[in-house]
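Here is how the chains run, residue by residue.
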Amino acid sequence: MMQKKWVTEAANGYGQTIEVTRELCSLQSKFQKIEIYETSKLGKLMLLDGIIQSTSYDEFAYQEMMAHLPCFAFGKPERVLVIGGGDGGVLRELARHREIKVLDICEIDGEVIRAAKEFLPEMACGFDDPRVTVNIADGSEFIRDKKEYYDVVIVDSTDPGGPGAPLFGAQFYADLKKSLRHGGVIGTQAESPWLLPDVVKQLVNAARDNFKFVDYAAISVPTYPTGMIACCVASDGGDVREPKAVPDAELAAQLRYYNAEIHRAAFVKPVFVRQLLER
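Residues numbered from 1 in each chain as written. Predicted model: local features only at pLDDT ≥ 70, side-chain atom pairs only at ≥ 80, totals over all residues. Heavy atoms only, no water.

**Overview of the overall build of the protein chain**
Here is step 1: Across its full length, the protein chain holds 10 helices and 12 strands.
Here is step 2: Taken over the C-alpha trace, the protein chain has a radius of gyration of 18 Å; the compact-globule value for 279 residues is 19 Å, and the two agree within 12%.
Here is step 3: Along the first, second and third principal axes, the C-alpha set of the protein chain runs to 55 × 45 × 40 Å.
Here is step 4: The buried share among the 279 residues of the protein chain stands at 58%.
Here is step 5: In the protein chain, 66% of the contacts between residues at least 6 apart in sequence involve partners at least 24 apart.
Here is step 6: For the protein chain, the exposed surface amounts to about 11900 Å²; the carbon and sulfur share of it is 49%. (Helix = DSSP H or I, 4+ residues; strand = E, 2+ residues; numbered from the N terminus. Rg over C-alpha atoms; globule rule 2.2 N^0.38 Å. Buried < 20%, exposed > 50% of the residue type's maximum accessible area, 1.4 Å probe, protein only. Contact = heavy atoms within 4.5 Å. Areas by Shrake-Rupley, 256 points an atom, 1.4 Å probe, with all protein chains shown as cover.)

The following block contains the structure:
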């Protein structure tokens, strides 16, 4: 057991520090440094290139919203793709939807999947669903070959400075649009308006250039810098702020964050965010 120490995420002029008690994994993949620790307060902690990806304490908030916001904005999707999401948490939530028949994931870094399966089984259990097909590839390239195929595409990306950089560009959003069947919905990791307002504006505008209905939903995640992150939800099939279906009793009993009221409320914005997102 390692002596207690503090791990700090420091980026974009902002930092936060977490006490760790044991190192579970530290390796350099082809794409990024992968670290997983036990912490004194937050359970297990995963970082990629020094940036916090998840903690056991609050990962459910992010995973549930990233999965269920776009799925219920669509209604009852049958074909779903996750780009990124190598820890398996979004897959875990999607697997709760019995109507899904095709559940694909495209993750650029296979080492993230292997580390998650070994050290984060509570999230990586998402890979155990028999509907899941794993593709180790660049999501920005993978999506180009999928024309009018998916009902929902979820982009669970890292920040734009790492391997996820191509997933924030205008071309990528155009390719996402082409990959969807009629009325399809996308949900993309959309950063924090407190920390990266320019990235938020660029991302939302890229979605607006391709989709009729676009909105920005806040997610409270205490261990992410500034305590929040967001999901950009977009579609040509109708207002994404209103769920077209709601969790049945069995699914609702498994959830700790998402419900139909939170779906609607997440899109309510403070004035500064409204101003940021004005065209």
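That shown, we press on.
**Things to note about helix α1 (residues 59-74)**
Here is step 1: Helix length check: α1 (16 residues) gives 23 Å between terminal C-alpha atoms against 22 Å at 1.5 Å per residue, within 8%.
Here is step 2: Along α1, the largest kink reaches about 25° and is centred on histidine 68; proline proline 70 follows within four residues of it.
Here is step 3: Counting buried residues along α1, 16 of its 16 residues qualify, which places the element largely inside the surrounding structure.
Here is step 4: Phi turns positive one or two residues past the end of α1, at glycine 75, with a value near 125°. (Expected span 1.5 Å × (residues − 1). Bend = angle between axes of the 7 residues up to and from the residue.)

**Notes on the sheet that holds strand β3 (residues 33-39)**
Here is step 1: The strand order across the open sheet built from five strands is β1-β2-β3-β4-β5, with neighbouring strands paired in antiparallel fashion. Of all the strands in the sheet, the pair left with one neighbour each is β1 (5-11) and β5 (51-55). Between one strand and the next, the sheet's axes are offset by a mean angle of 50°, whatever the strand orientation.
Here is step 2: The sheet contact formed by strand β4 (residues 44-48) and β5 spans four bridges and is antiparallel. Within the sheet, the bridge partner assigned to leucine 47 lies in β5 and is isoleucine 52.
Here is step 3: Strand contacts of helix α3 (residues 110-119): β2 (14-28), β3 and β4, with the helix running at about 15° to β3, the strand carrying the most contacts. (Pairing = 2+ DSSP bridges. Axes fitted to C-alpha atoms, helices over the stretch in contact; angles between N-to-C directions.)

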